[in-house]
Structures are given as C-alpha cells and as structure tokens.
Amino acid sequence: MAAKKKFGGDARKAKTLGQASANGDGTFNGARAIAWLSEAMHPGAGLSEAEVLRLWDEQQKKTRAQDVDGRDKPGHDGRK
C-alpha cells in the first residue's frame, strides 16, 4: 500500500504508472493503474480509484445477469 501512503490515497497524482499501482510487496493494483491511466489520458478529468471500482462492479453485475438468462450460451444471439 505504499502508493496510497505516498500519494495521499490518490494514484492519479503519482508520477509513473509503477508508482501509482505498486502495492509495496511486488504486486500491483489494477484499479489504481486504471485510475492513473485515465488521468494520463484525460488530465483533470481522470477516474478515481473508487469510480473505477464502481464501474467494475456495475459491469460484473451485468455480466452475471447475462449468465443467468442464458445470453452467454453458444449459439444464442440475445434476441427474445
């Protein structure tokens, strides 16, 4: 969690992607990486880590709903 401490919890303020997403134990945090990349591509309007996680959760709910109603089955074109 070195990145959170060093940048006050906002990975978008880090100078490099590695600094923004490093966990301090040799692993990386994908949500912080996406937040940093978002800020690099849209300065001043990048997504926060919380926004990235919210979008991830929303997409996971949609994906699970598709799994339930069968739209993920081979040969199914999604029409009712």
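As a reminder, the structure under discussion sits directly above these lines.
Before going into details, it helps to say that this report is about the structure given with it. The structure displayed is predicted, hence computed values, not measured ones.

**Focus: the side chain of Ser48**
Phase 1 of the analysis: Tracing the sequence through the fold places Ser48 in the loop between helix H3 (30-41) and helix H4 (49-69).
Phase 2 of the analysis: You can call Ser48 buried: its relative accessible area is 17%.
Phase 3 of the analysis: Non-local contacts of Ser48, meaning those with residues more than four positions away in its chain, are made with Arg12 and Ala35.

**Focus on H3**
Phase 1 of the analysis: Helix length check: H3, at 12 residues, gives a terminal C-alpha distance of 16 Å against a target of 16 Å (1.5 Å per residue), a fit within 8%.
Phase 2 of the analysis: Every buried residue of H3 is listed here: Ala31, Arg32, Ala33, Ala35, Trp36, Ser38 and Glu39.
Phase 3 of the analysis: The opening residue of H3, the one whose side-chain oxygen lies 3.0 Å from the backbone nitrogen of Ala31, is Asn29.

What counts as what
- Residues numbered from 1 in each chain as written.
- Predicted model: local features only at pLDDT ≥ 70, side-chain atom pairs only at ≥ 80, totals over all residues.
- Heavy atoms only, no water.
- Helix = DSSP H or I, 4+ residues; strand = E, 2+ residues; numbered from the N terminus.
- Buried < 20%, exposed > 50% of the residue type's maximum accessible area, 1.4 Å probe, protein only.
- Contact = heavy atoms within 4.5 Å.
- Expected span 1.5 Å × (residues − 1).
- Polar contact = N/O pair within 3.5 Å; in protein donor to acceptor, adjacent residues only side chain to side chain.

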